[in-house]
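Tertiary structure, described
The primary structure of each chain is shown beneath.
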Amino acid sequence: MVVNNKVDSLSYDVEAPPAQAPTTPAVVSAPPTPRGEAPAMTTTAAVELHKVSVPERRSTAKALRQRLAEVFFPDDPLHQFKNQSSARRLVLALQYFFPIFHWGSDYSLRLLRSDVVSGLTIASLAIPQARTRNLITHTHSSFVPPLIYSLLGSSRDLAVGPVSIASLVMGSMLRQAVSPDQEPILYLQLAFTSTFFAGVFQASLGFLRLGFIVDFLSKATLTGFMGGAAIIVSLQQLKGLLGIIHFTSQMGFVQVMHSVFKHHDEWAWQTILMGVAFLAVLLTTRHISARNPKLFWVSAAAPLTSVIISTIISFVSKAHGISVIGDLPKGLNPPSANMLTFSGSYVGLALNTGIMTGILSLTEGIAVGRTFASINNYQVDGNKEMMAIGVMNMAGSCASCYVTTGSFSRSAVNYSAGCKTAVSNIVMASAVLVTLLFLMPLFHYTPNVILSAIIITAVIGLIDVRGAARLWKVDKLDFLACMAAFLGVLLVSVQMGLAIAVGISLFKILLQVTRPNMVVKGVVPGTASYRSMAQYREAMRVPSFLVVGVESAIYFANSMYLGERIMRFLREEDERAAKCNQCPVRCIILDMSAVAAIDTSGLDALAELKKVLEKRNIELVLANPVGSVTERLYNSVVGKTFGSDRVFFSVAEAVAAAPHKTQP
């Protein structure tokens, strides 16, 4: 069916869909049209009105089930199992719960080559770091958890290991009650038990499908986090790069720089010379690979090659003036499952420590994983990450490991070395195992400075200045969240930076909900389409009508603002009409095509607004409500107040049908 409309002396055709219910043509006349306004529908225009359909009725249980499914299972994971054989379902289940079976079928020798190089590179960092922190459990934490994560994790770039924040928090909380020097066995028991509780807490979040929590880590937040963490990690490497012996364990920019200059008398020129030389070589190889992708192997092999060469140089020169790793104990620690304690006066301390370190490590691990996933354009499943990190910590607590997660510095080196899949974690764990059993003496002469140079090279390229500039250009609040994460991580701590950035992101959401965007709409000449007059300059007002578009759900948080803003629009429109000697507004059409949902407070606000407008002899009608809004409208008393004759299929039909009711 084709309907001919005439707007502003322009004829246009609108193809209407077949009628679903008996309809009534509305033929109306319009007053004289002032200059610059669109005329109302004339007597030559007949518009067929369509009934607004109510969605199929659902029981409360069905509606609740569908809503919960959208919240906890948006990816519909069971869909792939439909109409499949039992054998195929088993394969799909293995691929879903163990991502390694999913991408492992397409694994190739080329990928293995890249993963071996990156795995050996991060292993060359993991062993020496154990000596620098005086923790043999640190080495075991680089062996068992990475194997678990490679089976369950969804990130390709995440390198698993202990992180400074979780280690410091666990140590400080446990030291308040137990001294590691006076009661070392009890201290280890509480550390392993806390790690187990941390794993249980993390895995529970994943099991309960609460992965959507990580969605609050926006791209802007991750950009700021990545830049701040990169600078902090780089500054911490000044200890090794300058040869400082006494260095702060804090991570703030001010504390680190204060420690650097406070101990300037410990700076060693031999260490600085070697560090600057290898740092220049590593940066040069990185630049070569960036300019010529075919030479990717140059930068990928550079870190491990630097470790070998620097160790040889240190051995030949007898490490004169250069700090080296020194002796590392060989062998594996015994299992620690028998050291887990779930009774006694310290269980509460272990539980609190586990939950706190579990939150911190989980937040940092997922933030790091999503950061590198955004760089490589793939998705990280928050639920799988929670499960993977939780299970690996539970297993690690039984294998002499303390809490582990995705390490930013290791992941940066892993990414820089060209890793392709989680096999790099398997290679690292295997290399750590072989080293623990046989190769510990080889690291005696490895300079600490070479580790610092490798980490600085890896993280310095993660500072995305251009990305921050784009955020400023596109969205100022996103830029604010980015800078909050950056400055929070840089000046306070990783967790505080993320917390501030997430808080700003939540404030942005609340701002959009409580103060939704509302626009005055006009008809675009030559069409039956109503668009924002601020966006479309050619859009024209229709005499006696005020068309308002609401571009947000209507909730209790913005229902009062809705009424206030519409009354302000009405006042401004009446003032404009009086100044131009035009007809005042007699009908307000609320375009609800962008209103995704409405609650009881929103419905009450519409009813109250309708009463206020009726006292001023102004009609309020609704146009194009979506299914869920229509369902709630017609199931409430408010729906009866409006009636089907005040709810229209489109704004054009509302304009066509309403004028004969609104004549003064």
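Each value, and the rule that gives it
Residues numbered from 1 in each chain as written. Predicted model: local features only at pLDDT ≥ 70, side-chain atom pairs only at ≥ 80, totals over all residues. Heavy atoms only, no water. Buried < 20%, exposed > 50% of the residue type's maximum accessible area, 1.4 Å probe, protein only. Helix = DSSP H or I, 4+ residues; strand = E, 2+ residues; numbered from the N terminus. Polar contact = N/O pair within 3.5 Å; in protein donor to acceptor, adjacent residues only side chain to side chain. Contact = heavy atoms within 4.5 Å. Salt bridge = Lys/Arg side-chain N within 4 Å of Asp/Glu carboxyl O. Expected span 1.5 Å × (residues − 1). Phe/Tyr/Trp six-rings, centres within 6.5 Å; stacked < 30°, edge-to-face > 60°. Lys NZ or Arg CZ within 6 Å of the ring centre and 35° of its normal.

In the nomenclature of an unreviewed UniProt entry, the protein corresponds to STAS domain-containing protein from the organism Oryza nivara.

**Concerning helix 16 (residues 408–416)**
Within helix 16, eight of the nine residues are buried, which leaves the element mostly enclosed by the surrounding structure. Looking only at helix 16, the buried set comprises Phe408, Ser409, Arg410, Ser411, Ala412, Val413, Asn414 and Ser416. Its side-chain oxygen 3.4 Å from the backbone nitrogen of Arg410, Ser407 forms the N-cap of helix 16. Following helix 16 by one or two positions, Gly418 adopts a phi angle in the positive range, close to 95°.

**What to know about the environment of Gly497**
Mapping Gly497 onto the fold places it in helix 21 (residues 494–514). Sequence-wise, Gly497 and Gly228 are 269 residues apart; in three dimensions their C-alpha atoms are separated by 8.6 Å. Each residue touching Gly497, except ones within four places of it in the same chain, is listed here: Ala484, Ala485, Gly488 and Val489.

**With respect to the pattern of salt bridges**
A full pass over the atoms with the stated rule returns 11 salt bridges. Between Asp475 and Lys508 there is a salt bridge, with the nearest N and O atoms lying 2.8 Å from each other. In this pair, Asp475 sits in the loop between helix 19 (465–474) and helix 20 (476–491) while Lys508 sits in helix 21, placing the two residues 33 residues apart along the sequence. The salt bridge involving Glu575 is made with Arg571; its shortest N-O contact spans 4.0 Å. Note that Glu575 and Arg571 are positioned in helix 22 (residues 559–579) at a spacing of four residues, about one turn of the helix. On the basis of relative accessible area, Glu575 is assigned to the partly exposed category, the value being 46%. When salt bridges that share partners are traced, they join Asp475, Asp478 and Lys508 into one network.

**What about helix 8 (residues 184–207)?**
With 24 residues, helix 8 extends 34 Å from end C-alpha to end C-alpha; this agrees with the ideal 34 Å at 1.5 Å per step. Positioned one or two residues after helix 8, Arg209 has a phi angle of 60°, which is positive.

**Some points on the packing of aromatic side chains**
Aromatic ring pairs are reported here in terms of the distance separating the ring centres and the angle at which the planes meet. Tallied over the full model, the rule gives 12 aromatic pairs. With a centroid separation of 6.0 Å and an interplanar angle of 80°, the aromatic rings of Phe225 and Phe408 are classed as edge-to-face. Here the residue Phe225 occupies a position in helix 9 (residues 219–236), and Phe408 occupies one in helix 16, the gap between them amounting to 183 residues. Taking the centre distance of 5.5 Å and the plane angle of 50° together, the rings of Phe372 and Tyr415 count as tilted. Remark: Tyr415 occurs in helix 16 and Phe372 occurs in helix 14 (residues 347–376); sequence separation between them is 43 residues. The exposure class of Tyr415 is partly exposed, given its relative accessible area of 26%. Grouped by ring-pair contacts, the aromatic residues Phe225, Phe372, Phe408 and Tyr415 constitute a single cluster. Residue placement shows Lys384 over the ring face of Tyr96; its charged tip is 4.4 Å from the ring centre. Above the face of the Phe642 ring, Lys610 is positioned so that its terminal group lies 5.9 Å from the ring centre.

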